[in-house]
Amino acid sequence: MSAPEPIPGARLLFSNDAAVAQFNHGSFGMVPISVQRTQQRLRDEMEANPPRFFSVGLEERIAHVRRHLATFVGADPDGSALIENATTGTATVLAGLDLSAGDEIVTTDHGYGAVDLAVDECCRRTGARRRVAQVPLAPDDDTAVAAVLDAVTGRTRLLIVDHITSPTARLLPVRRIVEAVRARAGERVAILVDAAHAPGLLHEPAAGVGADFWVGNFHKWAYTPRGTALLSVAPRWRSRIRPLVVSWSQPAGFPGNLEWVGARDYTPWLAAPAGLFVLRSLGADAVRRHNAALAAHGQALLAAALGVTVPAHTGLPMTVVPLPPGAADDPSAAAALRRRISDELTTEVGLNAWRGKGYLRLSAQVYNRAEDFQRLVDGLPKLLRR
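The model shown is predicted, which means the values in this text are computed figures rather than measured ones. (Residues numbered from 1 in each chain as written. Predicted model: local features only at pLDDT ≥ 70, side-chain atom pairs only at ≥ 80, totals over all residues. Heavy atoms only, no water.)

### Overview of the overall build of the protein chain
When its secondary structure is counted, the protein chain shows 13 helices and 12 strands. When its C-alpha atoms are laid out on the principal axes, the protein chain stretches across 60 × 55 × 35 Å. Counted over contacts in the protein chain with a minimum sequence separation of 6, partners at least 24 positions apart contribute 71%. Approximately 15,800 Å² of the protein chain is accessible, and the part contributed by carbon and sulfur atoms is 53%. The positive charge centre, built from 42 side chains, and the negative charge centre, built from 38, are 1 Å apart in the protein chain. (Helix = DSSP H or I, 4+ residues; strand = E, 2+ residues; numbered from the N terminus. Contact = heavy atoms within 4.5 Å. Areas by Shrake-Rupley, 256 points an atom, 1.4 Å probe, with all protein chains shown as cover. Lys, Arg positive; Asp, Glu negative; His and termini not counted. Charge placed at Lys NZ, Arg CZ, Asp CG, Glu CD.)

Next up, the structure:
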């Protein structure tokens, strides 16, 4: 696949180190310079008079941002709350379920590692059990739905399903999965869509999903400061949502009880609309098309260099390349190889062990160029042989 033409001027919007080939946008994002400056102005405002910043109008400003971000992803502004990240959202949902021994939580084997750890900790604390749906690496929609349904039993209380999987960069049919589980179990099974990668990457990803809970990060693909995420909650659950830290807004209930936690740094949230402005200014659809085409181009180049077969491209700006056997087959080996790629090739990538095999994850963003991939193409085969 040929590389797309660069979006004019886009590379100049970011302050990333030009000496590093950055293909790990999906992990930590990259905050545009204009958004960094907006956040710094907010920090300056806060430090100039902290008592006034925190006590005069801050809750109204937060509510305004919440409405802005919820509308952007197609969520109900009155049923959403700003939070730090998707992992926090998952922990909040788990805390509100009142699980007990014999209950089951279903996840898939494509889930994010920190979410799996949170579920396992919840199970240890409550006596619940985690069941894992085995979904193929490149499933069609019917196969993905069937795999999840096979894991749902009469004891299932919660299903957690990723909209876009982190270790394998797959787009799952969450709307169809929600419909299928509802048809089988009604509202007996609560459903959480982990949409950590969806805001900015998909158009209105929360609209019409029908899940009980939806959580997404904005720092990955919507250009906001880190620490900006949204948790959307269906009406029947809002009175049961418990903040992980109880503070002064506890009597107000959801969503204020999640958002107001004393003297936390609220500047990432307040600067978030500036990130959405950058995305809209570039043209959100143009950015998505460019990044997806560039990711597919890089995947094809690296697969040819390594002599491996890759799963079908999903049209996402994240894609994976399987590594040869023996390279990054477990989490510690994956972490070590990622560090070597960073140190020796001055290139940042995602790297995960999935089902005993290493997968290198490439993220493409508007600051990347086709020639950036050449470091991996030239250097990774040699590095793996050493």
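### A closer look at the packing of aromatic side chains
Within the structure shown, the criterion is met by 10 aromatic pairs. Taking 5.2 Å as the distance between ring centres and 70° as the angle between the ring planes, the aromatic pair formed by Phe-14 and Tyr-367 counts as edge-to-face. Taken as a pair, Phe-14 in the segment before strand E1 (21–22) and Tyr-367 in the loop between strand E12 (357–363) and helix H13 (374–385) lie far apart in primary sequence, 353 residues in all. Considered together, Phe-14 and Tyr-367 belong to a single accessibility category, that of buried residues. Between Phe-23 and Phe-373, the aromatic rings sit 4.4 Å apart at their centres with planes inclined by 10°, giving stacked as the arrangement. Here Phe-23 is found in the loop between E1 and helix H1 (25–28), whereas its partner Phe-373 is found in the loop between E12 and H13, with 350 residues between them in sequence. For the pair Phe-23 and Phe-373, one class covers both residues: buried. Put simply, the rings of Phe-53, Phe-54, Trp-260, Tyr-266 and Trp-269 pair up and form one aromatic cluster. (Phe/Tyr/Trp six-rings, centres within 6.5 Å; stacked < 30°, edge-to-face > 60°. Buried < 20%, exposed > 50% of the residue type's maximum accessible area, 1.4 Å probe, protein only.)

### Here's the deal with the packing of helix H7 (residues 141–151) against helix H8 (residues 174–185)
Contact geometry of H7 with H8 gives a least axis separation of 10 Å together with a crossing angle of 40°. Overall, the two elements H7 and H8 adopt an arrangement that is oblique. Of the two possible hands of crossing, H7 and H8 adopt the one that is right-handed. Residues Asp-141, Asp-142, Val-145, Val-148 and Leu-149 of H7 pack against Arg-176, Ile-177, Ala-180, Val-181 and Arg-184 of H8. For the contact of H7 with H8, the per-class residue count stands at six nonpolar, no polar and four charged. (Axes fitted to C-alpha atoms, helices over the stretch in contact; angles between N-to-C directions. Parallel < 35°, antiparallel > 145°, perpendicular 65-115°, else oblique. Left-handed = near helix turned anticlockwise from the far one by under 90°. Nonpolar A, V, L, I, M, F, W, Y, C, P; charged D, E, K, R; others polar.)

### What about helix H11 (residues 284–306)?
Along its 23 residues, H11 runs 33 Å from first to last C-alpha, staying within 8% of the 33 Å computed at 1.5 Å per residue. Downstream of H11 by one or two residues, Gly-307 has phi in the positive range, about 70°. (Expected span 1.5 Å × (residues − 1).)

### Observations concerning the environment of Ala-353
Looking at where Ala-353 falls in the secondary structure, it is placed in strand E11 (residues 350–354). Ala-353 sits in the partly exposed class, given a relative accessible area of 27%. Put simply, Ala-353 and Ala-335 are 18 residues apart on the chain and 9.1 Å apart in space, counted from C-alpha to C-alpha. Among residues more than four places away in sequence, those in contact with Ala-353 are Ala-328, Asp-329, Asp-330, Pro-331, Ala-334 and Gly-358.

### Quick notes on the pairing of E11
Strand direction decides the pairing type here: E11 and E12, joined by five bridges, are antiparallel. Looking across to E12, one finds that Gly-350 is bridged to Arg-361. The hairpin turn running from E11 into E12, its antiparallel successor, is two residues long, and Arg-355 in that turn takes a positive phi close to 55°. (Pairing = 2+ DSSP bridges.)

### Describing the layout of surface pockets
The gaps of empty space that remain are located by a probe, the size of a water molecule, rolled over the atoms. Size it by volume and the largest pocket reaches roughly 860 Å³. Taken together, the elements giving at least two residues each to the lining of the largest pocket come down to H1, helix H5 (86–95), helix H6 (113–126), strand E4 (129–133), helix H12 (331–345) and E11. Classifying every residue of the lining of the largest pocket by side-chain character gives 16 nonpolar, 14 polar and nine charged. In this structure, the second largest pocket occupies an estimated 210 Å³ of space. Lining the second largest pocket are 16 residues, with Ala-206, Gly-210, Ala-211, Trp-214 and Ser-232 sitting closest to its centre. For the lining of the second largest pocket, the elements supplying multiple residues, two or more each, are strand E7 (213–217) and strand E8 (229–233). The class makeup of the residues in the lining of the second largest pocket is nine nonpolar, four polar and three charged. (1 Å grid on protein atoms, 1.4 Å probe; cavity = no way out; pocket = protein on both sides within 12 Å on 5 of 7 lines; lining within 4 Å. Points joined across faces, edges and corners; volume = space filled by probe spheres on them.)

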